[in-house]
Each structure stands twice: as structure tokens, then as C-alpha cells.
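# Coordinates in review
Listed below, chain by chain, are the residues.
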Amino acid sequence: MKKLLVIAAAVLSITPLITTTAKAADETVVAIAAGNADFSTLVAAVKAAGLVDTLNGAGPFTIFAPTNAAFEKLPKGTVEDLLKPENKEKLTAVLTYHVVAGKVMAADVKTGMVKTVQGGELDVKVADGGVTVNGAKVVKTDIVGSNGVIHVIDTVVLPK
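Residues numbered from 1 in each chain as written. Predicted model: local features only at pLDDT ≥ 70, side-chain atom pairs only at ≥ 80, totals over all residues. Heavy atoms only, no water.

## Examining the pattern of salt bridges
One pass over the full model with this rule turns up 3 salt bridges. The partner of Lys 73 in a salt bridge is Asp 154, with the nearest N and O atoms 3.9 Å apart. Here Lys 73 is found in the loop between helix H5 (68–72) and helix H6 (78–82), whereas its partner Asp 154 is found in the segment after strand S7 (148–153), with 81 residues between them in sequence. Overall, the relative accessible area of 53% leaves Lys 73 in the exposed class. Classification of Asp 154 by relative accessible area gives partly exposed; the value is 23%. The shortest N-O distance in the salt bridge between Lys 125 and Asp 123 comes to 3.0 Å. Relative accessible area serves as the criterion here: at 26%, Asp 123 is assigned to the partly exposed category. (Salt bridge = Lys/Arg side-chain N within 4 Å of Asp/Glu carboxyl O. Helix = DSSP H or I, 4+ residues; strand = E, 2+ residues; numbered from the N terminus. Buried < 20%, exposed > 50% of the residue type's maximum accessible area, 1.4 Å probe, protein only.)

## Observations concerning the sheet that holds strand S3 (residues 112–115)
Either a parallel or an antiparallel arrangement is found when strands of a sheet pair, and the pairing is made through backbone hydrogen bonds. Judged by pairing direction, the sheet is mixed, and its 7 strands sit side by side in the order S2-S1-S7-S6-S5-S4-S3 without closing on themselves. Each edge of the open sheet carries a strand with a single partner, namely strand S2 (99–101) and S3. Averaged over all pairs of adjacent strands, the angle between strand axes in this sheet comes to 30 degrees, irrespective of strand direction. Here strand S4 (residues 121–127) pairs with strand S5 (residues 130–133) via 4 bridges, running antiparallel. (Pairing = 2+ DSSP bridges. Axes fitted to C-alpha atoms, helices over the stretch in contact; angles between N-to-C directions.)

## Comments concerning the confidence of the model for the protein
Low pLDDT means the predicted coordinates in that region are not meant to be read closely. Residues with a pLDDT of 70 or more make up 84% of the protein, whose mean pLDDT is 84. By mean pLDDT, the top-scoring element of the protein is S3 (95), and the lowest-scoring one is helix H1 (residues 2–26) (41). (pLDDT = per-residue confidence, 0-100.)

## Comments concerning the pairing of S4
As paired strands, S3 and S4 are joined by 4 bridges and run antiparallel to one another. What sits directly across from Gly 112, in S4, is Val 124. Counting the residues in the hairpin turn of S3 and S4 gives 5 residues, including Gly 119, whose phi is positive at 115 degrees. Hairpin connection, S4 to S5: the antiparallel pair is bridged by 2 residues, and Asp 128 has positive phi, about 50 degrees.

## Quick look at the side chain of Thr 28
Tracing the chain through its elements places Thr 28 in the loop between H1 and helix H2 (29–34). When residues no more than four places from it in sequence are discounted, the contact partners of Thr 28 are Leu 55, Asn 56, Ser 146 and Asn 147. (Contact = heavy atoms within 4.5 Å.)

## A closer look at the nonpolar core
Soluble globular proteins: nonpolar side chains tend toward being buried together. Membership of the largest hydrophobic core comes to 28 residues, with the highest contact counts inside it found for Phe 39, Leu 42, Leu 55, Ile 63, Leu 95 and Ile 150. Among the elements of the structure, H2, helix H3 (40–48), strand S1 (61–66), H5, H6, helix H7 (88–96) and S7 are those that each provide at least two residues to this core. Those residues within four positions of Leu 42 in sequence are excluded, and the remaining contacts are Ala 65, Pro 66, Asn 68, Phe 71 and Leu 95. Ranked by size, the runner-up nonpolar core spans 10 residues in total, among them Phe 64, Tyr 97, Val 124 and Ala 136. (Core = buried A, V, L, I, M, F, W, Y, C linked by side-chain atoms within 4.5 Å.)

In C-alpha cells:
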């Protein structure tokens, strides 16, 4: 009886993880980001740039998503300046520089230059069991949505 209770407790403890993963796979990459408080700055920027509909599209997309902490590393006033309507084109360039066409899972990432939706290239390096993108560290991988995948980065990467 004790063994049965332990097994039941174990099953119940992983059920939320299974549900969360299944739910995420049914949501677009934008919906996943919008549901995570760590991406509130990114989501505000995507809205300001008018990219919500695009990133809710069929894709697939691979997004290197900076956290709020990553945006806080930018010089003071940078985010506020980018969010101004007159800087929409510049904001769009910054955001689309974080997006690669196609769905690239962490296991498939290789060192090299990768073309972004913005048109520039990201310098991806795989070394010592980790990945960097233009020097930004990938801190979480393979958040799978219905139209792509998100890899979380610790720094905003800026087009050259």
C-alpha cells in the first residue's frame, strides 16, 4: 500500500510538467513569451514594433529571446528610446535580428554564422557544453511552440 501511495504521489507531481509542456507546444512563440513574466520587455517591444501577427504566423521561427534582465544590461534609456513610435524601424531591426527562419533545436546547433530574418548574421559558437550567440549566453533551450522554438539568451544582441 505504501509503495502504491509513493507511485501515485510521483505521478501527480509530474502531471503539471506534462500539462505545461503540452500546453506550450499548442501555443505560438509569442503566446509562450507573453505568458512568461521574464519576457515582458521583449513582448512590449514586439507589440511596439507591430510584429505580433508576423511572429504568430506559421513560421517556423527560432527565436533567441532576451530576458528582462538582458534588456536591463543595455545603456540607460535605450529600451525607452527604441519603444518610441519614431524608432519603430530600428526596433524592428533589433528584434528581427534575434529571429532565424526555421526551427532549430539545441541538439542541431553548430558553430558558424547564421542568417537572421533581419538580414544580418549571428555568430553562433558551441563550446564547453554551452552556446553563445554574438557573445550572449544561451541559458535555456528548446521551449517549443506550435510555430517554432525559443532559446533564452542573457544579453540583447544588436545588428551591426
